[in-house]
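Remarks on the overall topology
For reference, the chains in residue letters:
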Amino acid sequence: MNRAEMLERALAHREAWDVVVVGGGATGVGVALDAAARGYDVLLLEQCDFGKGTSSRSTKLVHGGVRYLEQGNVSLVMEALKERGLLRQNAPHLVSNLAFVVPNYEWWEAPFYGVGLKVYNLLSGRYGFGDSEILSKEETLARLPTIRTEGLRGGVVYYDGQFDDARLLVNMAATAAEQGAALLNYAPVEALTRDGHGFVNGVVAHDLESGREMKAAARVVINAGGPFCDAVRRLADPGLPPLVAPSQGIHLVFDGEVLPGGAAIMVPHTSDGRVMFAIPWHGHTVVGTTDTPIEEPSLEPRPFDQEIEFVLETASRYLLRPLTRADVRSVFVGIRPLVRSGDATSRSALSRDHVIHIDPTGLITITGGKWTTWRGMAEHCVNTAAMLEHLPEKPCPTRTLNIHGFHRHAARFGPLAVYGSDALHIQDLVRGEPALGEPLHAALPYCGAEVVWAARFEMARTVEDVLARRTRALFLNARAAIEMAPRAAALLARELGRDEGWERAQVEAFRKLASGYLLA
Ligand SMILES: Cc1cc2nc3c(=O)[nH]c(=O)nc-3n(C[C@H](O)[C@H](O)[C@H](O)COP(=O)(O)OP(=O)(O)OC[C@H]3O[C@@H](n4cnc5c(N)ncnc54)[C@H](O)[C@@H]3O)c2cc1C
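Residues numbered from 1 in each chain as written. Predicted model: local features only at pLDDT ≥ 70, side-chain atom pairs only at ≥ 80, totals over all residues. Heavy atoms only, no water.

1. Description of the environment of Ile 147
Within the fold, Ile 147 resides in the loop between α6 (137–143) and β6 (154–162). Apart from residues lying up to four places away in sequence, Ile 147 is in contact with Pro 103, Tyr 105, Leu 141, Leu 152, Ile 265, Tyr 318, Leu 319 and Leu 320. (Helix = DSSP H or I, 4+ residues; strand = E, 2+ residues; numbered from the N terminus. Contact = heavy atoms within 4.5 Å.)

2. Here we look at the site of the ligand
Around the ligand, the structure places 37 residues, and the nearest of them are Thr 27, Glu 46, Ser 55, Leu 61 and Thr 372. Between Ala 26 and the ligand, the recorded distance is 3.2 Å, taken from a backbone N or O atom to an oxygen atom. A distance of 3.4 Å separates an oxygen atom of the ligand from a polar atom in the backbone of Lys 60. With the chains in place, 96% of the 1,000 Å² that the ligand exposes on its own is no longer accessible. For the shell around the ligand, the secondary structure elements donating two or more residues are α2 (26–38), β11 (244–255) and β16 (330–339). Here the residues of the shell around the ligand are counted per class, giving 13 nonpolar, 19 polar and five charged. (Near = heavy atom within 4 Å. Polar contact = N/O pair within 3.5 Å; in protein donor to acceptor, adjacent residues only side chain to side chain. Areas by Shrake-Rupley, 256 points an atom, 1.4 Å probe, with all protein chains shown as cover. Nonpolar A, V, L, I, M, F, W, Y, C, P; charged D, E, K, R; others polar.)

3. Here's the deal with a nonpolar patch on the surface
A cluster of nonpolar side chains, contributed by Trp 107, Trp 108 and Phe 112, occupies part of the molecular surface with about 390 Å² of accessible area. Along the chain, Trp 108 turns up in the loop between β4 (96–104) and α5 (109–123). The partly exposed category is assigned to Trp 108, whose relative accessible area is 35%. (Patch = residues over 30% accessible without salt bridge, like charges linked within 9 Å, V, L, I, M, F, W, Y side chains within 5 Å. Salt bridge = Lys/Arg side-chain N within 4 Å of Asp/Glu carboxyl O. Buried < 20%, exposed > 50% of the residue type's maximum accessible area, 1.4 Å probe, protein only.)

4. Some thoughts on the pattern of salt bridges
Side chains carrying opposite charge are able to pair once their charged atoms draw close together. The full count for this structure, using the stated rule, is 36 salt bridges. Note that Asp 18 is salt-bridged to Arg 219, the shortest N-O span being 3.7 Å. Residue Asp 18 is found in strand β1 (residues 17–22), and its partner Arg 219 is found in strand β10 (residues 213–223); the two are separated by 201 residues along the sequence. Overall, Asp 18 belongs to the buried group, its relative accessible area being 14%. For Asp 327, the salt bridge identified is with Arg 321, shortest N-O distance 3.4 Å.

In structure tokens form, the structure reads like this:
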């Protein structure tokens, strides 16, 4: 993916696009990928970087959602479990199988969760990730050596998927580009154009790098603005009532030694009635999440103190050594675009199903749902768009479409495993210039070649793009990320042809942003 070429394509396109997608998160990139793979002419515009919104801030689970099973939403769970299986099939370099242990401290928990998790596995049918099992106390301790032992009776283990959200997103964008889509980051949509009958027939966007305005006519505009989708809808009709009730969730990241056994902990009932996870991820431990209603979405949401205390307290209840603020390497916050419902009393009671909403202006909004179900959501949305706009009927091929980087044995690439087959090209960069193989920081597994790769082939434009989403440094260890920034900025400036002033400004902007991910 090359930004200059993408921009050129967007500017030179004289005809109306079949589909213009607003928003470059999992939902929008998924829709662009589906539509392009069917053979439609597609443009996607993202106001910041791909994944700047919620899609880089998830719990990193490819899952059916055990919690929704308890709520009786069997069809939602089955659908997500099928998508979980398809995603592992199509992106095996990014989706891995992870053991989750529910520790039991009460006599009834083993039979109760044992049965529930058996059903969870049965619902996945041929897309199963492994049978659940009841564990003895010793077996539980072997998988979770740091768990609190006082009163521990045993546990139940089940299997679910785990991934790197921002990396999958950039690989999906690359797949969409390979299928012919044009995708542009740093291009906010600022207006929607309408025909003589009032129907939306295009967008006006702004290239933040050149300052140029871009008009793109479209047969159909799909709004995948996530938590911001109501603002996009109001570009066409300012009086529209909101569709989305934003709710934020925080994650705290700790060193890997918090969970040294390789298994995750699932707490099925926190004091606020939610589930909470502690998950090993990229050599660290991610603990979360919360569900707190907020008034307005923002691109850099901040954690509330009570959310931080809640996560620390809940996790500490299950661990031998309590966790404190000083242990936190990074805190990150995401906003769920939950679809409003008249009778729901709390955000966690709102549906996790996706919704495809068509405004009287013909603007199609797709929102809600989960990362896991991006493919099914995109298929549903493109089917709807094709029917509504009389696009020629074309079958959806994404059930068996490999995602860019597809590799069945990517683990052999060590720290570059998440790149899948691209790891070979990154290794080539290091062979050509050995200094690029040096780590950017002793605490994290990233090297200079990854910055160069991100700038040349993944449309990374800023230090934040590289350290937050092309690598996950900011999410894993915010202090280390700040220390890496000058080196990353120098490499990026060299690749993008920027001067020292730009480099300094980038380091300063990143330091400011990253300080919001630090607690102590
Ligand atoms: C805390 C938390 C944990 C989660 N964990 C999981 C999980 O483990 N597994 C799972 O399956 N799901 C999970 N989810 C759900 C999942 O992350 C979301 O459903 C998904 O990321 C939403 O993607 P999206 O593309 O709709 O929104 P976003 O990722 O927010 O993307 C919307 C994009 O639209 C862009 N945009 C907005 N307005 C404009 C405009 N005018 N012009 C151009 N671009 C615009 C934004 O910049 C943004 O990048 C979690 C969600 C949260 C909040």
